[in-house]
Amino acid sequence: DVALGVLPQTKSHLKFSLCVITRGRLSLGWLFAPKYAFERNFIMPIKIEEHLLSYNPYSRPALPLRQVKKIIIHWVANPLTSALQNRNYFESLKSGRRNTYASSHYIVGLRGEILQCIPDTELAYHAKQANSYSLGVEVCHLDWKGNFSPITYKVLIELLVYLCHHYHLSPQKDLLRHYDVAGKTCPKFYVENPNYWYKLKADVANAYKTSHGTNKT
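Nothing here was measured: the structure is a model prediction, and the numbers come from that model.

Peer 1: How should I be thinking about the overall build of the protein chain in this particular structure?
Peer 2: Per the secondary structure count, the protein chain includes six helices and nine strands. Across the 217 residues of the protein chain, 47% fall into the buried class. Accessible area of the protein chain: about 11300 Å², with a carbon and sulfur share of 54%.

Structure below.
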């Protein structure tokens, strides 16, 4: 059993006090993160930074997401751009000048940063008919081949393990490419090289087992 206690965050969101009690023992530490993820008996090594979009019809319509049944992976299709630059692109759509509807819940960056643009409780415009039951994860990449760098890949796996556990999803059945629901060549490298997509899902399943001591296929 684990008990978690958190002191209120400062306004700058620089740090909070985190107490974890496992088998009757108390440990106290400081984590520097605006948002944290924790599991049964350890703190997951991921930091999620909230950079929520403004409410607007084009990228954050404030429609409720009533269920999370799938997680859909995308590439940003803009090499060498950062997570924040892609978040700001979604924000810029609110002007309506492009008449484009697009957003995602999370963006994983080139340095391993994770930005959250839309709360999990709200719908994002990322996968057409699947928007109503899925979370969207955009991933930054270095070139037009679209393979993810080692640090980006590592943090993506950690984020997917956390989300699969939180929403009781199967890495093998509930992780999808944009291609799988809309036929787009997205994420490009993992559409053109399906064996690497199968490996990604296997890596999530293996990391899940390591983290939680159970298989999640």
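The discussion continues.
Peer 1: Help me out: how do you make sense of the environment of Phe148 in this one?
Peer 2: With respect to the helices and strands, Phe148 occurs in the loop between strand E8 (134-139) and helix H2 (150-167). Taking the C-alpha atoms as reference, Phe148 lies 8.3 Å from Leu110; in sequence the two are 38 residues apart. In contact with Phe148, other than residues within four places in its own chain, are His74, Trp75, Val139, Cys140, His141, Tyr153, Leu156, Pro187 and Tyr190.

Peer 1: Sorry if this is basic, but what is going on with the packing of aromatic side chains here?
Peer 2: The description of two aromatic rings rests on the distance between their centres and on the angle between their planes. Taken as a whole and assessed by the stated rule, the structure comprises seven aromatic pairs. Judged by centre distance (4.9 Å) and plane angle (35°), the ring pair of Tyr58 and Tyr101 falls under tilted. Here the residue Tyr58 occupies a position in the loop between strand E4 (48-50) and strand E5 (70-75), and Tyr101 occupies one in the loop between helix H1 (83-92) and strand E6 (106-108), the gap between them amounting to 43 residues. Exposure remark for Tyr58: the relative accessible area of 17% places this residue in the buried category. Relative to Phe90, the ring of Tyr89 has its centre 5.9 Å away and its plane inclined at 50°; by these criteria the two rings are tilted.

Peer 1: Sorry, what's going on with the layout of surface pockets here?
Peer 2: It is the rolling of a water-molecule-sized probe over the atoms that shows where space remains empty. Considered as a void within the structure, the largest pocket measures approximately 500 Å³ in volume. Lining the largest pocket are 24 residues, and of these Val76, Phe90, Ala102, Glu138 and Lys184 sit closest to its centre. Listing elements by their share of the lining of the largest pocket, those giving two or more residues are E5, H1 and helix H4 (178-182). Among the elements that line the lining of the largest pocket, the one with the most residues is H1, at four residues.

Peer 1: It is not clear to me how the packing of H2 against helix H6 (residues 194-212) should be interpreted in this structure. Could you clarify?
Peer 2: Angle between the axes and distance between the axes are the two parameters that describe a pair of packed helices. Look at H2 against H6: their axes get within 9 Å of each other, and the N-to-C directions meet at 65°. Relative to H6, H2 is oriented so that their crossing is right-handed. Contacts from Tyr153, Leu156, Ile157, Leu160, Val161, Cys164 and His165 in H2 reach Lys199, Leu200, Asp203, Val204, Ala207, Tyr208, Ser211 and His212 in H6. In terms of residue class, the contact of H2 with H6 is made up of ten nonpolar, three polar and two charged.

Peer 1: Would you mind showing me how to read the pattern of salt bridges here?
Peer 2: Any two side chains of opposite charge can pair, on the condition that their charged atoms come close. Summed over all chains, the structure comprises nine salt bridges. We note a salt bridge from Glu91 to Lys94, for which the minimum N-O separation is 2.8 Å. By relative accessible area, which is 10% here, Glu91 ends up buried. Note on Lys94: relative accessible area 41%, which makes it partly exposed. Put simply, Glu113 and Arg111 hold a salt bridge, and the shortest N to O gap is 3.8 Å.

Conventions and cut-offs
All residue numbers refer to positions counted from 1 along the written sequence of the respective chain. Local features are withheld for residues below a pLDDT of 70 in this predicted model, meaning they are given only at 70 or higher, and side-chain atom pairs are given and counted only at 80 or more; totals for whole chains, interfaces and linings count all residues. Side-chain measures here rest on the full set of heavy atoms in the structure, leaving out hydrogens and waters. Only DSSP runs of H or I with at least four residues qualify as helices, and only runs of E with at least two residues qualify as strands; both kinds are numbered from the N terminus onward. A 1.4 Å probe rolled over the protein chains alone gives each residue an accessible area, and that area as a share of the maximum for its type sets the label: buried under 20%, exposed over 50%, partly exposed in between. Where accessible areas are quoted, they stem from the Shrake-Rupley method and a 1.4 Å probe; at the residue level, only the protein chains shown are allowed to cover. Only heavy atoms matter for contacts: two residues are in contact if any of them lie within 4.5 Å across the pair. Between the rings of Phe, Tyr and Trp (Trp by its six-membered ring), a pair exists once the centres lie within 6.5 Å; its type follows the angle of the planes, with under 30 degrees stacked, over 60 edge-to-face, and the other angles tilted. A cavity here means a set of 1 Å grid points, computed over protein atoms only, where a 1.4 Å probe fits but cannot escape. A pocket is an open set with protein on both sides within 12 Å along at least 5 of 7 lines, and lining residues have an atom within 4 Å of a point. Grid points are joined across faces, edges and corners, and a volume is the space filled by probe spheres set on the points. Comment: axis = line fitted to C-alpha atoms, over the contacting stretch for helices; angle = value between 0 and 180 degrees taken between N-to-C directions. In this scheme the crossing of two helices becomes right-handed for a clockwise turn of the near helix relative to the far one and left-handed for an anticlockwise turn of less than a right angle. Note on residue categories: nonpolar means Ala, Val, Leu, Ile, Met, Phe, Trp, Tyr, Cys or Pro, charged means Asp, Glu, Lys or Arg, and polar means any other residue, Gly included. Only one rule defines a salt bridge in this text: a Lys or Arg side-chain nitrogen within 4 Å of an Asp or Glu carboxyl oxygen.

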